[in-house]
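Residue strings, one per chain:
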Amino acid sequence: MNHFELHAAKQRAKNIAFQVIAIMGLLFALFVLLLLLFNVLKDGLSRINIQFLTSYTSRHAEQAGIIAGLVGTLYMVILTAAIAVPIGIGAAVYLEEYSKKNLLGRIIEINIANLAGVPSIVYGLLGLGLFVRWFSLDRSLLAGSLTMSLLIMPVIIIATREAIRSVPNGIREASFAVGSTKLQTIWHHILPISFPSILTGIILAISRAIGETAPLITIGALTYVTFLPKDLNSSFTILPIQIYNWVSRPQQEFQENAAGAIIVLLAFTLLLNSIAIILRNRFSK
Amino acid sequence: MNKVETKSVNLFYGAKQALKNISMSFNENNVVALIGPSGCGKSTYLRLFNRMNDMIDGVTIDGEVLLNGKNIYASNVRVEDVRKRVGMVFQKPNPFPKTIFENVAYGLRVNGITNKRFIEETVVRSLKQAALWEEVKDELKKSALSLSGGQQQRLCIARALAVEPSVVLMDEPCSALDPISNAKIEELIWELKKKYTIIIVTHNMQQAARVSDRTAFFYIGELIEYNDTKEIFTNPKHERTQNYITGRFG
């Protein structure tokens, strides 16, 4: 074997070794995920029935249900999206299409990136101080949704900016060249073209909001709720808090309830993600 | 009257001067070619006429750019009105990801025209003017992105013509096209100059010689020579011009 052949053989071996490591990584991740799913399904699948989905929580595990958390989560997600999406897209459009690329712009950009990484409990504390106490919104659905909006807004802004930035500059020039205003260019071209990617960002952000527990515990969402929120000022609970509450009980029956609620929460997230994928495929044609 | 003129125009990108004291005038129904090596300022100069340089941060412009005697950089002029009167075709075909029909109709719609009949007639007329009608008349509802590069560029020309400009700017319109599409566009330029004043930037000397009535040679932000195309190519006054057109530099 001469020098070159030896070298080539070494490279081949390295190539294969790397491939094996990559596959192992994938298998490990899949294994953990499957284990988790299996455990949850084993414990909770027997609890999924109409009674469980339509009952309020109870001291008796077999009579307890998740309706308060499910409806609370649904309301909170809708309200959070209604607040965070328009503001987030608006901010991103301003930063990309209007603001000058100067020092101030760069400072804002870095700050938004940092905000996206701030631990959620910090947003909870902010919500507690700002919305619950200062605005006197109490531990209401509105206060919770506003807090969640703050939490996901940086994610929406960053995703929207990325989407807008990927629109070819030729499209902007072509639009301006026939006498479009900036607003017309943004409305007729920039937003429609970037819409599929923006949507993906929004859904990811909302999926995050569904799973967050800490900020809402901080602002004082209730853990034992036997009514549905009537209006924006109602107190409320959400699925993750319900799960957290049940998991902390010693009885095995409540553990099964928790597993059942986790299955519903997973299904909810999966549903949202599927909708996002379907919409994205439809619009990017 | 489609007279276009610049008077002592200086343009700076930040501190760097890209155009130095340029005064030129363009006759109507003429094709003027702007030539010169890369970075000489010819594209920047072209973009003065529809104020495309406004989009870039840090650009300052002094001097006057006159369209029919009126300075288009005056503070009471709406930039959108300028761009309606001065159409532009870009180097890379840039159709909108919409139907062929909507691409051409777009300029009318954003300018507030809603009359369906008028829009349809204008789309047909513009596509005919751009020599594209015969190829697309049965598929106006198809996406513009399904067209070939040469067809896309003619669609972009139709889109520019639909708003009835008086001046058409072309920034290397053939550089991304094959020779056959190139020839079609050149033929089209000959047709269009009956109605429009055309200013074209090109890196292709033969193209400049074939399509233009007058030619301007730019070098590092300065206008070196501006004369009848025949004169420029057969009897250039400046050594730089001579060297450039014969391919000795640039």
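Since this is a predicted model, take the numbers as computed values, not measurements. (Residues numbered from 1 in each chain as written. Chains lettered and ligands numbered in written order. Predicted model: local features only at pLDDT ≥ 70, side-chain atom pairs only at ≥ 80, totals over all residues. Heavy atoms only, no water.)

**Concerning helix α8 (residues 182–211) of chain A**
For the record, the criterion: The helix count covers DSSP runs of H or I at least four residues long, the strand count covers runs of E at least two residues long, and both are numbered beginning at the N terminus. Helices are assigned an expected span. That span is 1.5 Å times one less than the residue count. Bend is computed residue by residue as the angle between axes fitted to the seven residues ending at the residue and the seven residues starting at it.
Here α8(A) contains 30 residues, and its C-alpha end-to-end distance of 38 Å is more than 12% below the 44 Å for a straight helix at 1.5 Å per residue. Along its length, α8(A) reaches its greatest deviation from straightness, about 60°, at A:F195, and the proline A:P196 lies no more than four positions downstream.

**Brief notes about the pairing of strand β6 (residues 86–89) of chain B**
Residues and elements named next belong to chain B. Filter applied, for reference: Only protein chains enter the accessibility calculation, which uses a 1.4 Å probe; a residue whose area is less than 20% of its type maximum is buried, one above 50% is exposed, and one in between is partly exposed. Pairing between two strands is assigned when DSSP locates at least 2 bridges connecting them.
The alternating pattern of β6 places V86 and M88 on one face and G87 and V89 on the opposite face, and all of these are buried. Across four bridges, the pairing between β6 and strand β7 (residues 167–171) is parallel. Looking at β7, one finds that G87 is bridged to V168.

**Regarding the pattern of salt bridges**
Two side chains with opposite charge may pair up if their charged atoms get near one another. Put simply, the rule is: Salt bridges are defined by distance alone: a side-chain nitrogen of Lys or Arg within 4 Å of a carboxyl oxygen of Asp or Glu.
Applying the stated criterion across every chain yields a total of 23 salt bridges over all chains. Between B:D81 and B:K84 there is a salt bridge, with the nearest N and O atoms lying 3.5 Å from each other. Of the two residues, B:D81 and B:K84 both sit in helix α2 (residues 79–85), three residues apart, roughly one turn of that helix. The exposure class of B:D81 is partly exposed, given its relative accessible area of 29%. What emerges from the salt-bridge pattern is a single network uniting A:E96, A:E109, A:R161, A:E162 and A:R165.

**Some words on the side chain of A:S149**
Put simply, the rule reads: Contacts are assigned to residue pairs with any non-hydrogen atoms lying within 4.5 Å of each other.
Mapped onto the fold, A:S149 is located in helix α6 (residues 141–165). Setting aside chain neighbours within four positions, we find A:S149 in contact with A:T80, A:I83 and A:A84.

**Here's the deal with the nonpolar core**
Soluble globular proteins tend to bury their nonpolar side chains together. Here is the rule we go by: By convention a nonpolar core is built from buried Ala, Val, Leu, Ile, Met, Phe, Trp, Tyr and Cys residues, the set being connected through side-chain atoms within 4.5 Å.
Core analysis: the biggest nonpolar cluster contains 65 residues, and A:I206, A:L216 and A:W246 have the highest contact counts within it. If we ignore the near neighbours within four places in the chain, the residues touching A:W246 are A:F52, A:T57, A:A64, A:G65, A:I66, A:F254, A:Q255, A:N257, A:A258 and A:A261. Listed in part, the 43 residues of the second largest apolar core include B:I100, B:A160, B:M170 and B:Y244.

**Topic: the interface of chain B and chain A**
Our working rule: Buried area: the accessible surface (1.4 Å probe) lost by two parts on joining, summed over both. The definition of a polar contact used here is a pair of N or O atoms within 3.5 Å, where within protein one atom must be able to donate a hydrogen and the other to accept one, and adjacent residues in sequence count solely through side-chain atom pairs.
Chain B puts 23 residues into the contact, and the matching count from chain A is 19 residues. The contact between chain B and chain A buries some 1700 Å² in all, and 61% of this surface belongs to carbon and sulfur atoms. Taken together, the connections running from chain B to chain A amount to one salt bridge. Here A:E173 and B:R47 are joined by a salt bridge, their closest N and O atoms 2.9 Å apart. Put simply, chain B and chain A have eight residue pairs in polar contact (both at pLDDT 80 or more) between them.

**Examining the environment of A:A259**
Residues and elements named next belong to chain A. Mapped onto the secondary structure, A259 falls in helix α11 (residues 252–283). The spacing of A259 and V247 is 12 residues in sequence and 8.7 Å in space, taken between C-alpha atoms. If sequence neighbours within four positions are ignored, A259 has contacts with V40, D43 and G44.

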